[in-house]
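# Understanding the architecture of this molecule
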Amino acid sequence: MRHCFADCLTSWCVFDIPNEERTIAELETKTAAPEFWKDQRAAKSLMRTLNSKKALVTSWKTMESEARDLLGMVELALADEDESVKADVSSEAAALWARFEKQETSLLLSGEYDDRNALVALHAGAGGTESQDWASMLVRMYLRWAEIQGYQSEVLDVSEGDEAGIKSAFLSIKGDHPYGFLRGERGVHRLVRLSPFDADHARHTSFALVEVLPEAEVLVDLEIPVADLRVDTYRSSGPGGQNMQKVSSAVRITHLPTGIVATCESQRSQHQNKEVALQILYARVLELQRKEREEARAKLKGERIDAGWGNQIRSYVLHPYKMVKDHRTGCETSAAEAVLDGELDEFVAAYLRSQVGEA
């Protein structure tokens, strides 16, 4: 059984291609100006917008052309009373419709950083091995989702669990608007199942926290003076070979004005660990600024902002029945294994639709 907030909405999308093409032409005129690159921050921001609009227009025009070709095939088949192409037409129509639905959902991505790459941080909650195993299941879910989308993904850093699973992990997901699609995943995720670690095989409830951060562009989003950073090195406690255990290859970077700390110890060298830690720190500082603006807007509107470890956003039940339900949108499915295998699109779409008009 599947039920989503999105199911009750008919297709609403209107994409004005001629207007977008006029905007692209205007932006291209600006990029041709002699002094365009003097302001690096503004120039990179405009180029990102221009490239995003070009890709979007190309995608819609391609689908429009394929739809016309498909209609032509249908008309010829009807005229010739040819039943042999029926299966091919049905298959191509289903594939085109799936692409249309995804493209329609992408029109909901209008947030400040929605076009950015994403850093996904996962943290096991209280509960020891149970929650650490649950956190590792979520890591696999998001890596599978990224693979299905055709995104590039990488585990930047991981802190292994005591017996199984992980205590925490950082993932990098790069591609077309991954932060925009994933930002609704931030929050507490709850799992109910028969424990594989309990001798009595009792039912357990586990929690894990997911953070989704937009990747920061240095010198575009932020300019952090070197004096604002404290870099400490220490010996890695994780896997990686004897050399990592003998030398101080792990890195901890502290942003002194905010107290934000980023660490990395799972890369092979101190230099690599420092690069990853800086990437995480910049993303955390950018996310702090985003949250501060969001809280300021919420205060003006009289809204309440929940803390990170507040009520869970989604429950995954594997026993005594199978169900995944998002508590914000009401989107739910009994195909729990498919969701844990990366089939997240209906939950992503339901959340984005629920936010229409919120900004």
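Only a predicted model underlies this, so the values are computations on that prediction, with no experimental measurement involved.

Looking now at the pattern of salt bridges. Here the structure, examined in full by the defined rule, presents 24 salt bridges. Between R116 and D115 there is a salt bridge, with the nearest N and O atoms lying 4.0 Å from each other. One salt bridge in this structure joins E294 and R290, with 2.8 Å as the shortest N-O distance. Note that E294 and R290 are positioned in helix α7 (residues 270-301) at a spacing of 4 residues, about one turn of the helix. Since its relative accessible area comes to 10%, R290 is described here as buried. Members of the salt-bridge network, linked through shared partners, are R140, R144, E147 and D341.

Our focus in this paragraph is the environment of A262. Inspection of the secondary structure puts A262 in strand β9 (residues 260-264). Sequence separation of A262 and R252 is 10 residues, and the distance between their C-alpha atoms is 5.8 Å. Beyond its immediate chain neighbours, meaning those up to four positions away, A262 contacts V251, R252, I253, A277, I280 and L281.

With that settled, consider the nonpolar core. For soluble globular proteins, the rule of thumb is that nonpolar side chains tend to be buried together. Counting 61 residues, the largest nonpolar core has L138, Y142 and Y316 as its most contacted members. In this structure L138 touches L122, H189, A208, V210 and Y316, once residues within four positions along its chain are discounted. Core analysis: the next-biggest nonpolar cluster, separate from the first, contains 14 residues, I24, L50, M63 and L70 among them.

This next bit is on helix α9 (residues 345-354). The buried count for α9 comes to 7 of 10 residues, which makes it a mostly enclosed element. Regarding α9, the residues found buried are F347, V348, A349, A350, Y351, L352 and R353. In this fold, the buried residues of α9 make contact with α3 (86-106), α5 (178-182), β10 (312-317), β11 (323-326), β12 (332-333) and α8 (336-340).

This part covers the confidence of the model for the protein chain. Summing up the model confidence of the protein chain, the mean pLDDT is 85 and the portion of residues at 70 or higher is 88%. The model gives residues 5-13 a pLDDT under 50, and that stretch makes 19 contacts with residues more than four places away or in other chains.

Attention shifts here to the layout of surface pockets. By volume, the second largest pocket is sized at about 700 Å³. Around the second largest pocket sit 29 residues that line it, and R48, S52, K53, D115 and H177 are the ones nearest its centre. Among the elements that line the lining of the second largest pocket, the one with the most residues is helix α2 (residues 40-80), at 9 residues. Here the lining of the second largest pocket is built from residues that sort into 6 nonpolar, 12 polar and 11 charged.

Here we take up the pairing of strand β6 (residues 203-214). The sheet contact formed by strand β2 (residues 118-124) and β6 spans 7 bridges and is antiparallel. Of the residues in β6, the one forming a bridge with V120 is V212. Bridge count between strand β5 (residues 187-194) and β6: 8 bridges; the pairing is antiparallel. Its bridge partner being in β6, G187 is matched across the sheet by V210.

Moving on, we get to unusual backbone geometry. Residue P320 is reached from H319 by a cis peptide bond, and omega for that bond is 10°. Positive phi, normally seen in glycine, also occurs at H177, with a value near 60°. Along the chain, the position of H177 falls in the loop between β4 (166-174) and α5.

A separate point is the packing of aromatic side chains. Following the criterion strictly, the structure yields 5 aromatic pairs and no others. Seen in terms of ring centroids, W134 and Y316 are 5.0 Å apart; in terms of plane orientation they differ by 65°. Their pairing is edge-to-face. In this pair, W134 is assigned in helix α4 (residues 129-149) and Y316 in strand β10, connecting sequence segments 182 residues apart. Overall, W134 belongs to the buried group, its relative accessible area being 0%. A relative accessible area of 0% means that Y316 is categorised as buried. Put simply, the rings of W60, W97 and F100 touch in pairs and so form one group of aromatic residues.

What follows covers the sheet that holds strand β8 (residues 250-255). Read across the sheet, 3 strands follow the order β7-β8-β9 without closing on themselves; strand pairing throughout is antiparallel. The strands lining the two open edges of the sheet, one partner per strand, are β7 (229-234) and β9. Strand-to-strand twist across the sheet, computed as the mean angle between neighbouring axes with direction ignored, equals 15°.

Another aspect to go through is the side chain of R284. As for its placement among the helices and strands, R284 is situated in helix α7. By relative accessible area, which is 17% here, R284 ends up buried. Within the structure, R284 has its side chain in polar contact with the side chain of E211 (distance 3.0 Å). If we ignore the near neighbours within four places in the chain, the residues touching R284 are A121, H123, F170, E211, L213, I260 and V261.

So, on to helix α1 (residues 17-31). Between its first and last C-alpha, α1 extends 21 Å over 15 residues, near the 21 Å set by a 1.5 Å rise per residue. Among all positions of α1, only I17, E20, I24 and L27 are buried. Buried positions in α1, seen along its axis, are confined to an arc of 80° and lie on one side of it. Exposed residues pointing more than 90 degrees away from the buried face of α1 are listed as E26 and T29.

What counts, and where the lines are drawn
Residues numbered from 1 in each chain as written. Predicted model: local features only at pLDDT ≥ 70, side-chain atom pairs only at ≥ 80, totals over all residues. Heavy atoms only, no water. Salt bridge = Lys/Arg side-chain N within 4 Å of Asp/Glu carboxyl O. Helix = DSSP H or I, 4+ residues; strand = E, 2+ residues; numbered from the N terminus. Buried < 20%, exposed > 50% of the residue type's maximum accessible area, 1.4 Å probe, protein only. Contact = heavy atoms within 4.5 Å. Core = buried A, V, L, I, M, F, W, Y, C linked by side-chain atoms within 4.5 Å. pLDDT = per-residue confidence, 0-100. 1 Å grid on protein atoms, 1.4 Å probe; cavity = no way out; pocket = protein on both sides within 12 Å on 5 of 7 lines; lining within 4 Å. Points joined across faces, edges and corners; volume = space filled by probe spheres on them. Nonpolar A, V, L, I, M, F, W, Y, C, P; charged D, E, K, R; others polar. Pairing = 2+ DSSP bridges. Phe/Tyr/Trp six-rings, centres within 6.5 Å; stacked < 30°, edge-to-face > 60°. Axes fitted to C-alpha atoms, helices over the stretch in contact; angles between N-to-C directions. Polar contact = N/O pair within 3.5 Å; in protein donor to acceptor, adjacent residues only side chain to side chain. Expected span 1.5 Å × (residues − 1). Arc of directions from axis to C-beta.

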